[in-house]
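# Per-entry structural report
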Amino acid sequence: MQPDVIALVALEGEDSAVEALEARLRSLEPRLQVLERTRETAAATLERARTTLAAEQEKLIQAKTRASSSRTLQERNQKQLDSITNVREATAASAQLDQARKIASDAESEAARATVRVEDAKARLAEAEQAMAEIESSQEAERTAIAGERHTIEADLRHARMKRDGSAKRVSQPLLGRYEKVRRRRRGQSLFPLINGACGSCDTKLPVQRRLEMSRTGAIEMCEACGVMIYAPAPEPVAAKV
Ligand SMILES: [Zn+2]
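Criteria and thresholds
- Residues numbered from 1 in each chain as written.
- Predicted model: local features only at pLDDT ≥ 70, side-chain atom pairs only at ≥ 80, totals over all residues.
- Heavy atoms only, no water.
- Pairing = 2+ DSSP bridges.
- Helix = DSSP H or I, 4+ residues; strand = E, 2+ residues; numbered from the N terminus.
- Axes fitted to C-alpha atoms, helices over the stretch in contact; angles between N-to-C directions.
- Left-handed = near helix turned anticlockwise from the far one by under 90°.
- Contact = heavy atoms within 4.5 Å.
- Nonpolar A, V, L, I, M, F, W, Y, C, P; charged D, E, K, R; others polar.
- Domains from an automatic or database assignment.
- Buried area = accessible area lost by both parts, 1.4 Å probe.
- Salt bridge = Lys/Arg side-chain N within 4 Å of Asp/Glu carboxyl O.
- Polar contact = N/O pair within 3.5 Å; in protein donor to acceptor, adjacent residues only side chain to side chain.
- Donors = N, O, S within 2.8 Å, 3.2 Å for Na, K, Ca; no water.
- Tetrahedral: all angles 85-135°; square planar, octahedral: opposite > 155°, others 65-115°.
- Buried < 20%, exposed > 50% of the residue type's maximum accessible area, 1.4 Å probe, protein only.

What follows is about the sheet that holds strand β4 (residues 229-231). Spatially, four strands are ordered β2-β1-β4-β3 in an open sheet, and the strand pairing comes out mixed. The strands lining the two open edges of the sheet, one partner per strand, are β2 (198-199) and β3 (221-222). Where strand β1 (residues 191-195) meets β4, three bridges bridge the pair, whose relative direction is parallel. From the neighbouring strand, proline 193 faces β4, where its bridge partner is tyrosine 231.

If you want it as structure tokens, here you go:
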């Protein structure tokens, strides 16, 4: 085989190696995304639990303030009633006191319910915090493993690219230009040997004369049927007789 053919075959092998490593690098992404989605879900639950607790604590403060002020009002009404001697005034003050008692009692019930809700929100926050901690610790090993794989692949990729660039220098410029164009278009193997006189990719037979010419000169040609580059792998038996 011609040196150009040998160099191009080597180059294609190295391009495939580079692409395989790039694909492996990309395949790490979905694994990270799965971890990230799980963590985000837990983080959102945690954030909601914090917001709920803050809101319930605020409501509790308000309920306690209302309970305290209505209790003060009730005490004031009680004192008022105690100081009254007139029966008619006493009846009115007594009604006012009853109303104040009712308001104070309602406010205290509300404060008690708010206390229960705060305790409930605290428990849910603790659960969410624990769930988050568990997710983070369980993901740590997986994230370390992925980072290790990435590191190895990136090192291999640097090496493979260097080798690839070295091989590219051994292919003549016009041939390299043609090859890169075909490879970009096909996104895969672009160089095939002739197999039994046919294109190694699509199996279309080449005219005998053209095959002989390729064997003799080592020329790399395009398959007119499928557009790959084809080369004669070794002198064909017919060529030996020429
Ligand atoms: Zn073909």
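There's plenty left to go through after this.
Two numbers describe a pair of packed helices, the interaxial angle and the distance between the axes. The interhelical angle for the contact between helix α1 (residues 3-83) and helix α3 (residues 173-186), taken along N-to-C directions, is 35°, at an axis separation of 12 Å. Like other packed secondary-structure pairs, α1 and α3 cross with a definite hand, here right-handed. Residues Asp4, Leu8, Leu11, Glu12, Asp15, Ser16 and Glu19 of α1 pack against Leu175, Leu176, Tyr179 and Arg183 of α3. When its residues are assigned to classes, the contact of α1 with α3 shows five nonpolar, one polar and five charged.

One can read the domain layout of the chain as domain 1 (14-169) and domain 2 (173-241). Summed over both partners, the interface of domain 1 with domain 2 buries about 350 Å², with 30% contributed by carbon and sulfur atoms. Run the count over domain 1 and domain 2 and you get two salt bridges. Of the charged contacts in the structure, one is a salt bridge between glutamate 19 and arginine 183, with a shortest N-O distance of 2.7 Å. Connecting domain 1 to domain 2 are three residue pairs in polar contact (both at pLDDT 80 or more). Counting residues per element, the ones that place at least two in the side of domain 1 that touches domain 2 are α1 and α2 (87-169). Here the residues of the side of domain 1 that touches domain 2 are counted per class, giving one nonpolar, one polar and three charged.

In this structure, Cys199 (SG), Cys202 (SG), Cys223 (SG) and Cys226 (SG) serve as the protein donors to the zinc ion, at separations of 2.3 Å. For the zinc ion, the four donor atoms are set out with angles of 104 to 113° between them, so the coordination reads as tetrahedral. Here cysteine 223 falls in the buried class, since its relative accessible area comes to 5%.

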